[in-house]
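The lines below spell out each chain.
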Amino acid sequence: EPEVTQTPSHQVTQMGQEVILRCVPISNHLYFYWYRQILGQKVEFLVSFYNNEISEKSEIFDDQFSVERPDGSNFTLKIRSTKLEDSAMYFCASSQQVYNSPLHFGNGTRLTVT
Amino acid sequence: QKEVEQNSGPLSVPEGAIASLNCTYSDRGSQSFFWYRQYSGKSPELIMSIYSNGDKEDGRFTAQLNKASQYVSLLIRDSQPSDSATYLCAVNAGNNRKLIWGLGTSLAVNP
């Protein structure tokens, strides 16, 4: 069964550093998402992406965050200057359609900011 | 503020019993409803999706949706110890593409 893959599985970085989280969505999916989950808290929506542009973003997704689809397969999340509160699990997801279509999640990247 | 609420549990059931998990949501415009299972430290794994009122069955799992009451539930029949996990309810935010998530219900199935 096709799956969403994310790398790295764990990233440790110092406060103020830039990080790039990488994802390869399922190949025939058209909609891509980033969610995050701080330990013990709810899963939170960050951004959705379709047709090479952001379709929606949350208030969490401020100027420190950006997404890119640099080629036909990768989908990346960049955090320009990490803060301690950015420490979380970051999940990439993809879906075939925007409505009535389940999201398929990658295994996540655990980001630890020290 | 659109919300999804779940009892955090833990819900403890004996092996072979039926586990019943509940979820309420605030946005009457929501159209898509999902149940995900999450093991500790892992990503959410889709269990069921439901889009119209009534019941939807898939193996040991049954999702029930009542849009008038803004309520969605998940029944797990013949519960197994491997079903022990946190069950997350996720609801689309009306016409938006994003999902709003509950905090999850922790389920423990005791052998």
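Within every chain, residues take consecutive numbers counted from 1 along the sequence as written. Numbering of ligands from 1 and lettering of chains from A proceed in the order in which they are written. Reporting of local features is limited, given that this is a predicted model, to residues whose pLDDT is at least 70; pairs of side-chain atoms are given and counted only at 80 or more, and all residues count toward the totals for whole chains, interfaces and linings. Processing note: side-chain calculations cover all non-hydrogen atoms of the structure and skip hydrogens and water entirely.

Time to look at the sheet that holds strand β7 (residues 65-68) of chain A. All names here are of chain A. We treat two strands as partners when DSSP finds at least two bridges between them. A run of DSSP states H or I qualifies as a helix once it reaches four residues; a run of E qualifies as a strand once it reaches two. Both are numbered from the N-terminal end. Reading across the sheet, the four strands line up as β1-β3-β8-β7 and stay open at both edges, with antiparallel pairing between neighbours. Lying at the two open borders of the sheet, with one neighbouring strand each, are β1 (5-7) and β7. Along the sheet, successive strands turn relative to each other by an average axial angle of 20 degrees, direction set aside. In the sheet, strand β3 (residues 19-24) pairs with strand β8 (residues 75-79) via five bridges, with the strands oriented antiparallel. Bridge pairing links C23 to F75 in β8. The convention used is that axes are lines fitted to C-alpha atoms, helices contributing only their stretch in contact, and that angles between N-to-C directions extend from 0 to 180 degrees.

Let us now look at the state of the cysteines. Residue and element names in this part refer to chain A. Count a disulfide wherever a pair of cysteine sulfur atoms falls within 2.5 Å. Overall, the coordinates contain two disulfides over all chains when judged by the stated rule. Two residues, C23 and C92, share a disulfide whose sulfurs are 1.9 Å apart. Disulfide C23-C92: the torsion about the S-S bond is -65 degrees, which places it as left-handed. In this pair, C23 is assigned in strand β3 and C92 in strand β9 (residues 88-95), connecting sequence segments 69 residues apart.

On to the interface of chain B and chain A, then. Tallying the contact residues gives 24 residues for chain B and 24 residues for chain A. Once two parts are brought into contact, the accessible area they lose, counted with a 1.4 Å probe and summed over both, makes up the buried area. Here chain B packs against chain A, burying approximately 1,900 Å² in sum over the two surfaces, 55% of which is carbon and sulfur. Looking at the side of chain B facing chain A, the largest losses of area belong to R97, K98 and W101 of chain B, adding up to 34% of the total buried there. The salt bridge criterion pairs a side-chain nitrogen of Lys or Arg with a carboxyl oxygen of Asp or Glu, the two atoms within 4 Å. For the pair chain B and chain A, the interface holds one salt bridge. K42 of chain A is the partner of E3 of chain B in a salt bridge, and the nearest nitrogen-oxygen pair spans 3.6 Å. Within 3.5 Å is the distance limit for a polar contact, defined as a pair of N or O atoms, with the added protein rule that one can donate a hydrogen and the other accept it, and that residues adjacent in sequence qualify only through two side-chain atoms. Applying the counting rule to chain B against chain A returns five residue pairs in polar contact (both at pLDDT 80 or more). Counting residues per element, the side of chain B that touches chain A draws most heavily on strand β4 (residues 33-38) of chain B, at three residues. Just so you know the grouping, Ala, Val, Leu, Ile, Met, Phe, Trp, Tyr, Cys and Pro go in nonpolar, Asp, Glu, Lys and Arg go in charged, and all remaining residues, Gly too, go in polar. Of the residues in the side of chain B that touches chain A, the class split is ten nonpolar, nine polar and five charged. Should any heavy atoms of two residues lie within 4.5 Å, those residues are considered in contact.

Let's shift gears to the pattern of salt bridges. When charged atoms on two side chains of opposite charge get close, those side chains can pair. All chains considered together, the criterion is met by seven salt bridges over all chains. In this structure, the salt-bridge partner of R36 of chain A is E44 of chain A, at a minimum N-O distance of 3.1 Å. What makes R36 of chain A buried here is its relative accessible area of 9%. The residue R37 of chain B makes a salt bridge to D83 of chain B at a minimum N-O spacing of 3.9 Å. Pair noted here: R37 of chain B is in strand β4 and D83 of chain B is in the loop between β8 (71-76) and β9 (85-92), with a separation of 46 residues, a long-range link. A simple rule labels every residue: compare its accessible area, found with a 1.4 Å probe on the protein chains alone, to the largest value its type can have, and call it buried under 20%, exposed over 50%, or partly exposed in between. Owing to a relative accessible area of 1%, D83 of chain B belongs among the buried residues under this scheme.

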